[in-house]
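Residues per chain, in single letters:
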Amino acid sequence: NAGVMQNPRHLVRRRGQEARLRCSPMKGHSHVYWYRQLPEEGLKFMVYLQKENIIDESGMPKERFSAEFPKEGPSILRIQQVVRGDSAAYFCASSPNPGTGAGEQYFGPGTRLTVT
Amino acid sequence: SQQGEEDPQALSIQEGENATMNCSYKTSINNLQWYRQNSGRGLVHLILIRSNEREKHSGRLRVTLDTSKKSSSLLITASRAADTASYFCATDPLGQGAQKLVFGQGTRLTINP
């Protein structure tokens, strides 16, 4: 059973370009979460999605960032017009139906975005 | 703001010794989880303790939870070089609605051979 897959693992973008990060959840998981980690810091929640629905995007910056989880295919985190401050590791996690409260989440290896 | 604060920020011990890491948080929770992150890698779930539990064991790991003090500790017994990693506590805040975890800044643990 393959784990959470993320690609690319490393992404370099110039300021002003777009970054697209992909996440395929574990088989059987329909809940996806995106987190951002700055160097030497913990992970910060960005967005929680189910298939075709954004459930909670309270951690997403209001501009330039968007996320989707279509009926078919991976979840996509899209960052438009990247700036140097967007440089970070972006982690995707998935879970089966978490029920009441957040249960164990399974993390991918992350995408390290560098903006030059 | 960060929910969890880990203490210490960094810990270096000799192989075979026990390692204790602490986590404090601010709001009421459904559960608290501990994760490990090896350098440059994703997070691996270690253990989940619910708000009505006080202690939980898994192999060489022992987690305690004190909801009155809003704190938790992770004990790794008989440490090994392979335990070298960053350890994060993550809380599931009560009443937040969505299934999101709030992470602390982590403890960097180094096990010296």
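Quick summary incoming for the structure in this document.

A short note on the state of the cysteines
Residues and elements named next belong to chain A. What the rule picks out here adds up to 2 disulfides over all chains. Covalent S-S linkage joins Cys 23 and Cys 92, the inter-sulfur distance amounting to 1.8 Å. Judged by the sign of its S-S torsion, about -50°, the bond between Cys 23 and Cys 92 is left-handed. Of the two residues, Cys 23 is situated in strand β3 (residues 19-24) and Cys 92 in strand β9 (residues 88-95); the sequence distance between them amounts to 69 residues. With respect to class, Cys 23 is no different from Cys 92; both count as buried.

Points about the interface of chain A and chain B
Accessible area lost when the parts come together is the quantity often used to give the size of an interface. Contact residues are listed per partner, giving 25 residues for chain A and 22 residues for chain B. Note that Lys 100 of chain B is salt-bridged to Asp 56 of chain A, the shortest N-O span being 3.5 Å. Between chain A and chain B we count 5 residue pairs in polar contact (both at pLDDT 80 or more) in total. Every element with two or more residues in the side of chain A that touches chain B is listed here: β4 (31-37) and β5 (43-50) of chain A. Residue contributions to the side of chain A that touches chain B peak at 4 residues, all from β5 of chain A. Across the side of chain A that touches chain B, the residue classes break down as 10 nonpolar, 8 polar and 7 charged.

Description of the pattern of salt bridges
One pass over the full model with this rule turns up 8 salt bridges over all chains. Residues Arg 20 of chain A and Glu 18 of chain A are paired through a salt bridge, measuring 2.9 Å at the closest nitrogen-oxygen approach. With a closest N to O distance of 3.0 Å, Asp 83 of chain B and Arg 60 of chain B form a salt bridge. Taken together, the residues span a long stretch of sequence, with Asp 83 of chain B in the loop between β8 (71-76) and β9 (85-93) and Arg 60 of chain B in the loop between β6 (55-58) and β7 (61-66) at a distance of 23 residues.

Parameters and conventions
- Residues numbered from 1 in each chain as written.
- Chains lettered and ligands numbered in written order.
- Predicted model: local features only at pLDDT ≥ 70, side-chain atom pairs only at ≥ 80, totals over all residues.
- Heavy atoms only, no water.
- Disulfide = S-S within 2.5 Å.
- Helix = DSSP H or I, 4+ residues; strand = E, 2+ residues; numbered from the N terminus.
- Buried < 20%, exposed > 50% of the residue type's maximum accessible area, 1.4 Å probe, protein only.
- Contact = heavy atoms within 4.5 Å.
- Salt bridge = Lys/Arg side-chain N within 4 Å of Asp/Glu carboxyl O.
- Polar contact = N/O pair within 3.5 Å; in protein donor to acceptor, adjacent residues only side chain to side chain.
- Nonpolar A, V, L, I, M, F, W, Y, C, P; charged D, E, K, R; others polar.

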